[in-house]
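Observations on the model geometry
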Amino acid sequence: MASQHPIAAASAKFPKPADRTFQYGTAGFRMKAAILDSVVYRAGLLAALRSRKLNGQIIGVMITASHNPPDDNGVKLVDPMGEMLEGTWEAYATILANAPSDQALVEAYDKFTLDMKIDSAIKPRVIFARDTRASGPRLVTALVAALEASGTEYTDYKLLTTPQLHYITRCLNTKGTTYEYGEPNEQGYYEKLSAAFRAAMGTKKFNGSVTVDCANGVGGPKLRELIKYLPSPTEGGLEIKVVNDDVVEPERLNHQISYQCGADFVKTNQRAPPSSHSTPLARCASLDGDADRIMYYFVDSDNSFHLLDGDRIATLAALYIGDLARNAGLGEKLKVGVVQTAYANGASTAYITQDLKLPVVCTPTGVKHLHHAATKFDVGVYFEANGHGTVLFSDVALKRINKYEPQSPAQSSALDVLRALTALINQTVGDALSDLLLVEIILAHKSWGPKEWDLTYTDLPNRLGRIEVADRNIFKTTDAERKLESPPGVQVQIDALVGKYKNGRSFARASGTEDAVRVYAEAATKGEADELAAKVADVVKRAGG
Ligand code: G16
């Protein structure tokens, strides 16, 4: 009897659950960890194919479920420049994940190799890391089995934040080229951020500390590590108070009820985690489970809670970088633009277009879409309202910034800060740690507290809801997710409801990371936004069965 193909033999240890259909969603595959082994195994095979197709460039694999609860997990692939997996390959990922048997899997693998003219002689190279979830080590076993079965050279970077893995992937693939991005290890990441932070701050001083809730995820230990590289408060550095950094008990991660922590908790509940002990006007921030999102917030002197979400970070960054470019003498030479999704508060979009006079592009949810749109600008600021985003500088912009000869001391100092920001801001993906430092630098330079930041515009009251339905996949959207095209008739009902509220806007879309439909609503008053959200949720419940 002929010996079994190594891919089929290893696959037999990670059988696909027969009753499941998997889909590469907003941020890779994400589901209950208990049913993820076959998916991770197959994602490993795809990483090998992708690396071979790209002549042995290194592909990253991250095992994380980010903002999801502790018993979920997920897997996503990182392309050589640290970007999300190219869109067309998501379909291949889905096909491999759903191959009904070990033999069918080998056939699909061989077919991709043939159809895409992949040279099997090329040695694939993959790096991977995971967040702090209890299921992580078990899923790594499935990944390693795929890498070995496909003859892939691999390195396990153990525990990292998602943006750190993106950073290292890019560093490895650009090493020795003109696009060199940094030292390809965790220490290199901290050194790059801290050098840029020091350069951007110069002699500026911080007003008060910032308290960071780390969602009891991997961001906790990594932020503590980063702090070691930053100037200490006694040297005039920033005081960062770390809370919710317990990774010993994985069930605390992102916990919405008992431990109330994380960026998603803050955004959904519109209140501070109790452990942040926020005093009036003190700056607070929350990360998510893999530290690629950040939310700021503060409590005013009357104890009212104010959220400074991704829209606020985008507007702050666009405002400040635009000013810096003008002050450096590069105002005309750098086209700044902002990318948002349908979740962006209408007031933020109006502020960007009317006050900052900058163009805004709206894309579907998912950093991959925003990132792509942001590359069209010289300086592309992209943030989802949930706090996921970054600022991209195009090659042309970097050349202009780096080559420009300042004409005055004022231009020179603005240029120094701008150059430092191009190194500080993670160019591969939204990064909560890099974004934290960015916000702190801007606030220090502007001598702003959270209140001054909050006063730049007034958010329209809004509500984000989550509805579980029998099959979320029947909810199909169009127009950058702002309208439903199916189930038939649902959009007409939503439009009719929206029409009844002043400044009303609402939409529903299936989540790509959770088994739920999300409903967003905004209106002139809080009561109306809540009411509109509840009514649209009822429509969704009825349509969803
Ligand atoms: C992921 C994506 C984000 C997206 C979020 C929610 O974030 O990277 O772009 O906004 O999921 O997506 P959905 O509404 O489709 O569930 P994370 O931080 O969970 O990786």
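Thresholds applied
In this numbering scheme, every chain counts its residues from 1 along its sequence in written order. Local features in this predicted model are restricted to residues of pLDDT 70 or higher, and side-chain atom pairs are both shown and tallied only at a pLDDT of 80 or more, whereas totals for entire chains, interfaces and linings draw on every residue. Side-chain measures were taken over the full set of non-hydrogen atoms in the model, leaving aside hydrogen atoms and water. Segments assigned H or I by DSSP are reported as helices when at least four residues long, segments assigned E as strands when at least two residues long, and all are numbered from the N terminus. Atoms counted for the radius of gyration: C-alpha only. Globule rule: 2.2 Å times residue count to the power 0.38. Per-residue accessibility, obtained with a 1.4 Å probe over protein chains only, is compared with the maximum for each type, and a residue is labelled buried under 20%, exposed over 50%, and partly exposed between these values. Here a residue-residue contact requires only that any non-hydrogen atoms of the pair lie within 4.5 Å. Working definition of accessibility: Shrake-Rupley area with a 1.4 Å probe, residue cover restricted to the visible protein chains. Whether a residue is near a molecule or strand depends on its heavy atoms: if one lies within 4 Å, it is near. The term polar contact refers here to a pair of N or O atoms within 3.5 Å; inside protein, the definition further demands a hydrogen-donor-capable atom paired with an acceptor-capable atom, and it admits residues adjacent in sequence only when both atoms are side-chain atoms. For this classification, Asp, Glu, Lys and Arg are treated as charged, while Ala, Val, Leu, Ile, Met, Phe, Trp, Tyr, Cys and Pro are nonpolar and the rest, including Gly, are polar. Aromatic contacts are taken between Phe, Tyr and Trp rings whose centres are within 6.5 Å, Trp giving its six-membered ring; a plane angle under 30 degrees counts as stacked, one over 60 as edge-to-face, and the others as tilted. Two thresholds decide whether a charge sits over a ring: the Lys NZ or Arg CZ must be within 6 Å of the ring centre and within 35 degrees of the ring normal. Note on definitions: angles span 0 to 180 degrees between N-to-C directions of axes, and those axes are lines fitted to C-alpha atoms, for helices only across the stretch in contact. Orientation categories follow fixed angle ranges, with anything under 35 degrees roughly parallel, anything over 145 roughly antiparallel, 65 to 115 roughly perpendicular, and all other angles oblique. Take the far helix as the reference: if the near one is turned anticlockwise from it by less than a right angle, the crossing is left-handed, and if turned clockwise, right-handed. In this description, the arc belongs to the directions extending from the helix axis to the C-beta atoms. UniProt positions are given in the numbering used here, feature names are shortened, and annotations may be inferred rather than shown by experiment. A pairing counts as a salt bridge when a side-chain nitrogen of Lys or Arg comes within 4 Å of a carboxyl oxygen of Asp or Glu.

Counting its regular elements, the protein chain contains 18 helices and 19 strands. Rg of the C-alpha trace for the protein chain: 23 Å, near the compact-globule value of 24 Å for 545 residues, within the 12% margin. For the protein chain, the C-alpha atoms occupy an extent of roughly 75 × 60 × 45 Å along the three principal directions. Buried residues in the protein chain amount to 58% of all 545 residues. By sequence separation, contacts in the protein chain at least 24 residues apart represent 70% of the contacts at least 6 residues apart. Summed over all atoms, the accessible surface of the protein chain reaches about 21,200 Å², with 53% contributed by carbon and sulfur.

Here we come to the site of the ligand. In the vicinity of the ligand, 20 residues are found, and the nearest of them are Arg30, His67, Glu384, Ser511 and Thr513. The contact in question runs from an oxygen atom of the ligand to an N or O atom on the side chain of His67, over 2.4 Å. Starting from 460 Å² of accessible surface for the ligand in isolation, the protein chains cover 98%. Looking at the shell around the ligand residue by residue, the classes come out as two nonpolar, 10 polar and eight charged.

Let us look at the packing of aromatic side chains. All chains considered together, the criterion is met by 16 aromatic pairs. Residues Tyr167 and Tyr181 carry aromatic rings whose centres are separated by 5.7 Å and whose planes lie at 55° to one another, so their mutual orientation is tilted. One end of the pair, Tyr167, is in helix α6 (residues 162-174); the other, Tyr181, is in the loop between α6 and α7 (186-201), with 14 residues separating them in the sequence. Among the residues examined, Tyr167 registers a relative accessible area of 2% and is labelled buried. A cation over an aromatic ring shows up here: Arg50 above the ring of Trp89, its NZ or CZ 4.9 Å from the ring centre.

Turning to the packing of α7 against helix α14 (residues 409-424), a few remarks are in order. For the pair α7 and α14, interaxial distance at closest approach is 8 Å and the crossing angle is 160°. Considered as vectors, α7 and α14 are oriented roughly antiparallel to each other. As α7 runs across α14, the sense of the crossing is left-handed. Along its contact with α7, which presents Lys192, Leu193, Ala196, Phe197, Ala199 and Ala200, the element α14 presents Val417, Ala420, Leu421, Ala423 and Leu424. Split by residue class, the contact of α7 with α14 holds 10 nonpolar, no polar and one charged.

Contact geometry of helix α13 (residues 395-403) with α14 gives a least axis separation of 10 Å together with a crossing angle of 140°. In the crossing of α13 with α14, the sense of the turn from one axis to the other is left-handed. Taken together, the residues of α14 that come into contact with α13 (itself represented by Leu398, Ile401, Asn402 and Lys403) are Leu415, Leu418, Arg419 and Thr422. Residue classes in the contact of α13 with α14 are distributed as four nonpolar, two polar and two charged.

Now for helix α8 (residues 219-229). Among all positions in α8, only Gly219, Gly220, Lys222, Leu223 and Leu226 are buried. Axial view of α8: buried residues confined to an arc of 165°, hence all on one face.

Okay, unusual backbone geometry next. In the segment running from Ser486 into Pro487, the intervening peptide bond is cis, with an omega of 0°. The phi dihedral of Ser66 falls on the positive side, at around 45°, and the residue is not glycine. Within the fold, Ser66 resides in the loop between β2 (58-63) and β3 (72-78). Located in the positive-phi region is Lys117, a residue other than glycine, with phi close to 50°. Inspection of the secondary structure assignment puts Lys117 in the loop between α4 (102-115) and β4 (125-130).

The sites that UniProt annotates as "domain: Phosphoacetylglucosamine mutase AMG1" (unreviewed entry) are residues 186-294 and 309-448. Structurally, residues 186-294 is divided into 31% helix and 13% strand, and its ends, taken at the C-alpha atoms, are 20 Å apart. Across residues 309-448, the secondary structure splits into 54% helix and 14% strand, with the terminal C-alpha atoms separated by 16 Å.

Moving on to the UniProt feature "binding site: Mg(2+)" (unreviewed entry) in the protein chain. The residues that UniProt annotates with the feature "binding site: Mg(2+)" (unreviewed entry) are Ser66, Asp288, Asp290 and Asp292. Spanning 227 residues, the annotated positions come together in the fold, the maximum distance between their C-alpha atoms being 8.0 Å. Structurally, Asp290 can be placed in the loop between β8 (283-287) and β9 (294-299). Not counting residues within four places of it along the chain, the set of residues in contact with Asp290 comprises Thr64, Ser66, Lys76, Thr161, Thr162, Pro163 and Val218. Polar side-chain contacts of Asp290 include one of 2.7 Å to the side chain of Ser66. For Asp292, the position within the fold is in the loop between β8 and β9. Asp292 gets classed as buried once you look at its relative accessible area, which sits at 1%. In this structure Asp292 touches Ser66, Lys76, Thr162, Pro163, Gly387, His388, Gly389, Gly430, Asp431 and Ala432, once residues within four positions along its chain are discounted.

For Val417, the location among the structural elements is in helix α14. Considering only alpha carbons, one finds Val417 and Gly28, 389 residues apart in sequence, at a separation of 35 Å. Beyond its immediate chain neighbours, meaning those up to four positions away, Val417 contacts Ala200, Tyr320, Leu324 and His445.

Counted according to the given criterion, the structure contains 37 salt bridges. Of the charged contacts, one joins Lys32 and Asp72 as a salt bridge, the two residues approaching to 2.7 Å between their closest N and O atoms. A residue pair is termed long-range when its members are at least 10 positions apart, and Lys32 in strand β1 (residues 29-32) and Asp72 in strand β3 qualify at 40 residues. For Asp459, the salt bridge is made with Arg312, and the minimal N-O distance between the two is 3.3 Å. Of the two residues, Asp459 is situated in the loop between α16 (450-454) and β15 (462-467) and Arg312 in helix α10 (residues 310-327); the sequence distance between them amounts to 147 residues. With a relative accessible area of 24%, Asp459 lands in the partly exposed category.

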